Amino acid sequence: MSVKIIGTGSALPQKEITNEDLAQLVETSDEWVRERTGIGSRHISTGETVVSLAVRACEKALENAGKTASEVEMLLVATCTPERGIPCAACQVQSQLGAADAVAFDLNAACAGFLFALHTAWAYIEAGIYENALIAGSEVLSKIIDWTDRGTCVLFGDGAGAVLLERSNMPGILGFVQHSDGTKGEVLKCDSRQLKNPYISEPINFPYVQMDGREVFAFAVRQVPACITETLQKVQLTPGDVDLFVLHQANKRIIEGISKRLSVEMEKFPMNLDRVGNMSSAAIPVLLDELNREGRLREGMTLVLSGFGAGLTYGACALRW
């Protein structure tokens, strides 16, 4: 028995913001942003929420799999930007989908969140606790961005992607690797609700993303290839055996650096960051859905998914489509 992805879906906010649009807000240009990141535009919420985007993506994944919400046994939402502390986003998605029999909870591992949620669902199914799981990565990062900081506001976009996992007799997920390094957590951070009570005089927080771009770049280019290699060794494969590497869409230069370290041609690294930017936990499932709907994923293909982000967290998954 195996655990297989049987459906994908995605959803983006209607509003698209180009680099030229951002040049009206901060000192930047299309050339400056594209040269350093590869990003040309991104979708920004004008009312869409983590929950509403996740619901749309989940509906499409269920439709793609030929399943109904009532059949879902587990529902996970990976997000670092929920609208509410309680109830969790997954319970709100469960309600709106009508997935009444699904156990639901959130998971936050930032940009690696979707992979961590995928691994969590896989473990539940492998253990025989559930037969299927619906997993969404959904983010509205635009609400935690400092729109006066050109170093971060040009990077991020909003959106959601989802997959449906199911126990299967066909080959599916082959193996996972996950890692965390909390000692480096300060290089990418965002404070949450401020500490404000009758016993302190000044609020203590800065509720916007703060990032040391150089450190994040060095971390990703070093650790992601190592993590992918570790995963492939675990399942007795080599980089040459992989048909496509579906990576977190943070920066074109990072992906080029990973390609070089793995000695794999860039043709095997599909990208959509030029159109959607960095969507944190939504990046991998949105790209996976695009590849699926474009017919670029054929049965039996070997894929590697890999993500990295705040925490610092990173991981990889090898699977057969």
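Everything that follows concerns the structure shown earlier in this document.
Residues numbered from 1 in each chain as written. Predicted model: local features only at pLDDT ≥ 70, side-chain atom pairs only at ≥ 80, totals over all residues. Heavy atoms only, no water.

Participant: Any chance you could explain the packing of aromatic side chains here in plain terms?
Facilitator: What characterises a pair of aromatic rings is the spacing of the ring centres plus the angle enclosed by the ring planes. According to the stated counting rule, one finds 4 aromatic pairs in the structure shown. Aromatic pair Y124 and Y130: ring centres 5.7 Å apart, planes at 35 degrees, arrangement tilted. Each ring, one from F245 and one from F269, has its centre 4.7 Å from the other, and the planes form 10 degrees; the classification is stacked. Here F269 lies in the loop between α8 (252–262) and α9 (273–276) and F245 lies in strand β11 (residues 244–247), a separation of 24 residues in the sequence. As far as burial versus exposure is concerned, F245 and F269 are alike and both buried. A cation sits over an aromatic face here: R150 above W32, 4.3 Å from the ring centre. (Phe/Tyr/Trp six-rings, centres within 6.5 Å; stacked < 30°, edge-to-face > 60°. Helix = DSSP H or I, 4+ residues; strand = E, 2+ residues; numbered from the N terminus. Buried < 20%, exposed > 50% of the residue type's maximum accessible area, 1.4 Å probe, protein only. Lys NZ or Arg CZ within 6 Å of the ring centre and 35° of its normal.)

Participant: Explain the pairing of strand β12 (residues 302–309) here, please?
Facilitator: Regular strands have side chains that alternate between both faces of the sheet. Burial runs high along β12: 8 of the 8 residues are buried. Every second residue of β12 is oriented toward a common face, with T302, V304, S306 and F308 on one face and L303, L305, G307 and G309 on the other, all of them buried. For β11 and β12, the ladder comprises 4 bridges, and the chain directions are parallel. Of the residues in β12, the one forming a bridge with L247 is S306. Direction of pairing for β12 relative to strand β13 (residues 313–320): antiparallel, over a ladder of 8 bridges. Its bridge partner lying in β13, T302 is registered against R320. Hairpin connection of β12 to β13: 3 residues between the antiparallel strands, including G311 at a positive phi of 145 degrees. (Pairing = 2+ DSSP bridges.)

Participant: What's the story with the sheet that holds strand β4 (residues 74–78) in this structure? I'm lost.
Facilitator: To summarise the sheet geometry, strands pair through backbone hydrogen bonds and adopt either a parallel or an antiparallel arrangement. Taken in spatial order, the 5 strands make up an open sheet running β1-β7-β6-β4-β5, and their pairing is mixed. With one partner strand each, in any of the chains shown, β1 (2–11) and β5 (103–107) form the two edges of the open sheet. Between one strand axis and the next, the sheet turns through 20 degrees on average, direction left out of account. Relative to strand β6 (residues 132–139), β4 runs parallel, the two being bridged by 4 bridges. Each bridged residue has a counterpart across the sheet, and for L75 the counterpart in β6 is L134. Contacting β4, β5 and β6, helix α4 (residues 89–97) crosses the sheet at an angle of about 130 degrees to β4. The strands touched by helix α10 (residues 283–293) within the sheet are β1, β6 and β7 (159–168), with β1 carrying the most contacts at an inclination of about 95 degrees. (Axes fitted to C-alpha atoms, helices over the stretch in contact; angles between N-to-C directions. Contact = heavy atoms within 4.5 Å.)

Participant: What should I look at first to understand the packing of helix α3 (residues 50–65) against α4 in this one?
Facilitator: Helix-helix packing is described using two parameters, namely the angle between the two axes and the distance between the axes. For the pair α3 and α4, the least separation of the axes is 9 Å and the interaxial angle reads 55 degrees. Viewed along their axes, α3 and α4 adopt a mutual orientation that is oblique. Crossing handedness for the pair α3 and α4: right-handed. Along its contact with α3, which presents V50, V51, A54, V55, C58 and E59, the element α4 presents A89, Q92, V93, Q96 and L97. (Parallel < 35°, antiparallel > 145°, perpendicular 65-115°, else oblique. Left-handed = near helix turned anticlockwise from the far one by under 90°.)

Participant: Whenever I open this one, the side chain of T79 confuses me. Can you help?
Facilitator: Relative to the assigned elements, T79 resides in the loop between β4 and α4. Of the polar contacts made by the side chain of T79, one reaches the backbone nitrogen of T81; its length is 3.1 Å. Within polar-contact distance, the side chain of T79 engages the backbone oxygen of S138 at 2.7 Å. Other than its neighbours up to four places away in sequence, T79 contacts V50, D106, L107, N108, S138, E139 and S281. (Polar contact = N/O pair within 3.5 Å; in protein donor to acceptor, adjacent residues only side chain to side chain.)

Participant: Would you explain the layout of surface pockets in this entry?
Facilitator: By rolling a water-sized probe across the atoms, one finds the places where empty space is left. As a volume, the largest pocket reaches approximately 1,300 Å³. Along the wall of the largest pocket there are 49 residues; nearest its centre are F156, L188, K189, V209 and M211. The set of elements that each furnish at least two residues to the lining of the largest pocket consists of α2 (30–37), β5, α6 (150–153), β9 (188–189), α7 (213–234), α8 and β12. Per-element accounting of the lining of the largest pocket gives the leading share, 4 residues, to α7. (1 Å grid on protein atoms, 1.4 Å probe; cavity = no way out; pocket = protein on both sides within 12 Å on 5 of 7 lines; lining within 4 Å. Points joined across faces, edges and corners; volume = space filled by probe spheres on them.)

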